[in-house]
Amino acid sequence: MHDPGEVKIPFGPQHPALKEPESFLISLRGEKITSTSIKLGYNHRGIEKACEERTYIQDLYLIERICGICSHSHSTCFAQAVEEIAGLEVPARARYIRTLIAELERIHSHLLWLGVAGHEIGFDTLLMYTWRDREVVMDILAMLTGNRVNYGINTIGGVRRDISPEQKEEVLKAMDILEERTKYYIELATQEVTLAKRLSGVGILSNEDAKRLGAVGPVARASGIERDVRRDDPYAAYAQLDFKVITSNECDVYGRTLVRLGELMESYSIVRQAIQKIPDGVISVKAPRKVPAGEVVSRYEAPRGEDLHYVSANGTDKPERVKVRAPTLANIQSVSKMLENRYLADMPIVVAAIDPCFSCTDRLIAVNDPERKTKNTVAWEAIRLKGIEWYKRQGIDFTPLNKKLKSLI
Amino acid sequence: MTEEEKIKQELEGKFAYLKDKTVIKREKRIFADLPLDKFAEVFAYAAKNMGFDGLSAITGLDTVSGFAAIYHLNRKGGVMLNLKVSLEREHPRVNTVTAYFPCAENYEREIADLLGIEVAGLPAGRRYPLPDNWPKDQHPLRKDWKPAPDNKREAQNA
């Protein structure tokens, strides 16, 4: 029977406040949400089917483009699966480079999330700060791989680019800067009353519900579930590295914030260890074009949680079946639970707090070819300088502020 | 004895038909092939008595002669038990596991939409991941499914 006190609000799939198409049908009683129905699939691009019609190496690049933020997660997860079926022994140096890129990706993803969370609660200064700091890690990723996103570092059998001693120094310097900044954010999260008050008790997901609804990653760990594929089912070089699995028993958005901040600190430590321990040697082994029949389940701890790929091979150069379960699909059912009996105004931060995988686009791909000096090729640094000059002409100069910041950290 | 061997032994001891059907593929990866009529009891036992308290995903397969569904179960410690159940070509059908794992709902909708495997007992809800107006009898992940010719493009080429 129709309840006269209840209002139904459709939200999406196209809505100015949504970064990606998804549709929520929210039932409201007053300002409180009574139930939420979520419809996904607007981004379904048939990648699994497309993989069956392409070769393994083509698939690797296609898989990398499932997501702009966890691109390395998907490509590593897929490469691991194919390597396991083909019986390839990935060189230790390649495993370390994969780990290094994986942790740098986690750093960029968590800093991005922190900014989005700040934005959703009206704390845009936090967005500006974290996204500026995120540029440090983006520059490092661009230096190591050539790209800011969709790094293309993986290949079947290893990685495509080596890391030089100079690059190692740059990475270590960046870790020092980011660690200082993250300490400041931790201080902010633990001492700034408005932030803690806004996030505490919002989007509650109890330990039992998190287990029942199959939550993964920081969402699960913030509800006291101590699981992390990096430790439980080690891949790449994680078995040789020392790190803690960060958990919290807050069970709310505040807990999710603390977990991600703690994971940032762990990531800096993992990156330092990887740089220190990385062995010498080759970075890839030759992979066969045809892969023998077999099936494999590959798991990977993406920034958003467990990523699972199932690959089945049939002896040809194309896979029989590729199945991808990205972490957001595992977390989406928890969102309905988190929103139950909550205020409508909490919805943006609750949805953002699972860190749904937003498509992320690159601003520019700078292809620098020293042999061919074309006019249209602009280096990243030149673009940045141009931006600074442009703002100066508008009367906005950040130089004194930047100096002040550098003296602080 | 390793954790994986213990799991294999427990499964084979409890269910005689799993002998030679349970394979430890590598550390932390166990695969077991099951006939459809035995699936429910093995699944219930693994979920209730063996501590497999997480369902990571359900993979649907088109094996040309039939279909298959793989249930990827996980538990603390990182061991993954993959229960593979074979289904017939005509009217492939499984029962829902949402009673054990409510999180299975999206995974089950996915195999229903993309492979046309009927999931009995699945609660009513919107389909996933295909659009609402997608024809009910078209299952794109089936091996014999080909996209309909793009009429617009053909008209342009003509």
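Residues numbered from 1 in each chain as written. Chains lettered and ligands numbered in written order. Predicted model: local features only at pLDDT ≥ 70, side-chain atom pairs only at ≥ 80, totals over all residues. Heavy atoms only, no water.

## Examining the overall build of chain A
Looking only at helices and strands, one finds 15 helices and 8 strands in chain A. Radius of gyration (C-alpha) of chain A: 22 Å, near the 22 Å computed for a compact globule of 409 residues. Taken along its principal axes, the extent of the C-alpha atoms in chain A is 65 × 60 × 45 Å. Taken over 409 residues, chain A has a buried fraction of 54%. Within chain A, contacts between residues separated by at least 24 positions form 69% of all contacts whose residues are at least 6 apart in sequence. Here chain A has roughly 18,200 Å² of accessible surface; of this, 54% comes from carbon and sulfur atoms. Here chain A contributes 57 positive and 56 negative side-chain charges, whose respective centroids are spaced 3 Å apart. (Helix = DSSP H or I, 4+ residues; strand = E, 2+ residues; numbered from the N terminus. Rg over C-alpha atoms; globule rule 2.2 N^0.38 Å. Buried < 20%, exposed > 50% of the residue type's maximum accessible area, 1.4 Å probe, protein only. Contact = heavy atoms within 4.5 Å. Areas by Shrake-Rupley, 256 points an atom, 1.4 Å probe, with all protein chains shown as cover. Lys, Arg positive; Asp, Glu negative; His and termini not counted. Charge placed at Lys NZ, Arg CZ, Asp CG, Glu CD.)

## Looking at the domain arrangement of chain A
We note that the domain assignment places domain 1 (6-39), domain 2 (47-353) and domain 3 (366-404) within chain A. Here the C-alpha centroids of domain 2 of chain A and domain 3 of chain A sit 30 Å apart. (Domains from an automatic or database assignment.)

## Remarks on the interface of chain A and chain B
Between chain A and chain B, the residue contacts involve 35 residues of the former and 42 residues of the latter. The contact between chain A and chain B buries some 3,300 Å² in all, and 46% of this surface belongs to carbon and sulfur atoms. When the area that chain A buries against chain B is broken down by residue, the three leading residues are K39, K49 and R227 of chain A, summing to 18%. At the boundary of chain A with chain B, the tally comes to 11 salt bridges. The salt bridge partner of K25 of chain B is E295 of chain A, with a shortest N-O separation of 3.8 Å. The interface formed by chain A and chain B holds 21 residue pairs in polar contact (both at pLDDT 80 or more) in total. Counting residues per element, the ones that place at least two in the side of chain A that touches chain B are strand 3 (32-39), helix 1 (47-52), helix 8 (207-212), strand 6 (294-302), strand 7 (305-313), strand 8 (319-325) and helix 12 (327-339) of chain A. (Buried area = accessible area lost by both parts, 1.4 Å probe. Salt bridge = Lys/Arg side-chain N within 4 Å of Asp/Glu carboxyl O. Polar contact = N/O pair within 3.5 Å; in protein donor to acceptor, adjacent residues only side chain to side chain.)

## A look at unusual backbone geometry
All names here are of chain B. Between Y128 and the following residue, P129, the backbone shows a cis peptide bond with an omega angle of 0°. With respect to the element layout, P129 can be found in the loop between strand 7 (118-120) and helix 4 (151-157). For D20, which is not a glycine, the phi torsion comes out positive at approximately 65°. Relative to the elements of secondary structure, D20 occurs in the loop between helix 1 (3-14) and strand 1 (22-26). Phi at H91 takes a positive value of approximately 50°, unusual for a residue other than glycine.

## Here we look at the nonpolar core
L104 and I107 of chain A together with L55, Y71, L73 and L83 of chain B are the most contacted members of the largest nonpolar core, which has 123 residues in total. Here this core gets 12 residues from one element, more than from any other, and that element is helix 4 (residues 92-120) of chain A. Taken domain by domain, this core gets at least three of its residues from each of domain 1 (6-39) and domain 2 (47-353) of chain A. Every residue in contact with L73 of chain B, bar those within four places of it in the chain, is listed here: F43, A46, F52, G54, L55, V79, M80, L81, L83 and F101 of chain B. Of all hydrophobic cores here, the second largest spans 26 residues; its members include C51, I66, I69 and I156 of chain A. (Core = buried A, V, L, I, M, F, W, Y, C linked by side-chain atoms within 4.5 Å.)

## Considerations on the packing of helix 12 of chain A against helix 3 (residues 104-115) of chain B
Following both chains from N to C, one finds helix 12 of chain A and helix 3 of chain B inclined at 125°, their axes separated by 9 Å at the closest point. Taken together, helix 12 of chain A and helix 3 of chain B sit at an angle that is classed as oblique. When helix 12 of chain A is examined against helix 3 of chain B, the residues L329, A330, I332 and Q333 of chain A are found in contact with a partner set consisting of A104, E105, N106, Y107 and E110 of chain B. (Axes fitted to C-alpha atoms, helices over the stretch in contact; angles between N-to-C directions. Parallel < 35°, antiparallel > 145°, perpendicular 65-115°, else oblique.)

## Focus: the sheet that holds strand 1 of chain B
Residue and element names in this part refer to chain B. Strand order in the open sheet formed by 5 strands is 1-2-5-4-3, and the pairing between neighbours is mixed. Two strands lie at the open edges of the sheet, namely strand 1 and strand 3 (54-62), each paired on one side alone. Ignoring strand direction, the axes of neighbouring strands in this sheet form an average angle of 20°. Here strand 2 (residues 29-34) pairs with strand 5 (residues 80-87) via 6 bridges, running parallel. (Pairing = 2+ DSSP bridges.)

## Let's talk about the packing of aromatic side chains
What describes a pair of aromatic rings is the distance from one ring centre to the other and the angle between the planes of the rings. Throughout the structure, instances matching the rule amount to 15 aromatic pairs over all chains. Relative to Y391 of chain A, the ring of W390 of chain A lies with its centre 5.1 Å away and its plane at 90°, an arrangement referred to as edge-to-face. On the basis of relative accessible area, W390 of chain A is assigned to the partly exposed category, the value being 42%. On the basis of an interplanar angle of 85° and a centroid distance of 5.6 Å, the ring pair of F15 of chain B and Y45 of chain B is categorised as edge-to-face. One end of the pair, F15 of chain B, is in the loop between helix 1 and strand 1; the other, Y45 of chain B, is in helix 2 (residues 36-49), with 30 residues separating them in the sequence. Here F15 of chain B and Y45 of chain B have matching classes, each one buried. In this structure an aromatic cluster arises from ring pairing among F39, F43, Y71, Y100 and F101 of chain B. If you follow R132 of chain A out to its NZ or CZ, it ends over the ring of Y129 of chain A, 5.1 Å from the centre. Over the ring of W131 of chain A we find R134 of chain A; its NZ or CZ atom is 5.5 Å from the centre of that ring. (Phe/Tyr/Trp six-rings, centres within 6.5 Å; stacked < 30°, edge-to-face > 60°. Lys NZ or Arg CZ within 6 Å of the ring centre and 35° of its normal.)

## Notes on the pattern of salt bridges
Proximity of charged atoms lets side chains of opposite charge pair with each other. Residues and elements named next belong to chain A. Under the criterion given, the structure shown has 51 salt bridges over all chains. With a shortest N-O distance of 3.7 Å, R93 and D280 are connected by a salt bridge. Taken as a pair, R93 in helix 4 and D280 in the loop between helix 11 (253-277) and strand 6 lie far apart in primary sequence, 187 residues in all. Overall, R93 belongs to the buried group, its relative accessible area being 6%.

## Examining the sheet that holds strand 7 of chain A
Residues and elements named next belong to chain A. The 3 strands are arranged 6-7-8 in an open sheet whose pairing can be described as antiparallel. In the strand order of this sheet, the two ends are held by strand 6 and strand 8, each with one partner. Here the strands of the sheet are splayed against their neighbours by 15° on average, with no regard to which way each runs. Here 9 bridges tie strand 6 to strand 7, and the two strands are oriented antiparallel to one another.

## So, the pairing of strand 3 of chain A
Along any regular strand, the residues point their side chains to alternate faces of the sheet. Note: strand 2 (residues 23-29) of chain A against strand 3 of chain A, 7 bridges, orientation antiparallel. Looking at strand 3 of chain A, one finds that L25 of chain A is bridged to S37 of chain A.

## A word on the environment of K392 of chain A
Residue and element names in this part refer to chain A. Along the chain, the position of K392 falls in helix 14 (residues 380-393). On the accessibility criterion, K392 (36% relative accessible area) is partly exposed. In this structure, K392 is in contact with D397 and T399, ignoring residues within four places of it in sequence.

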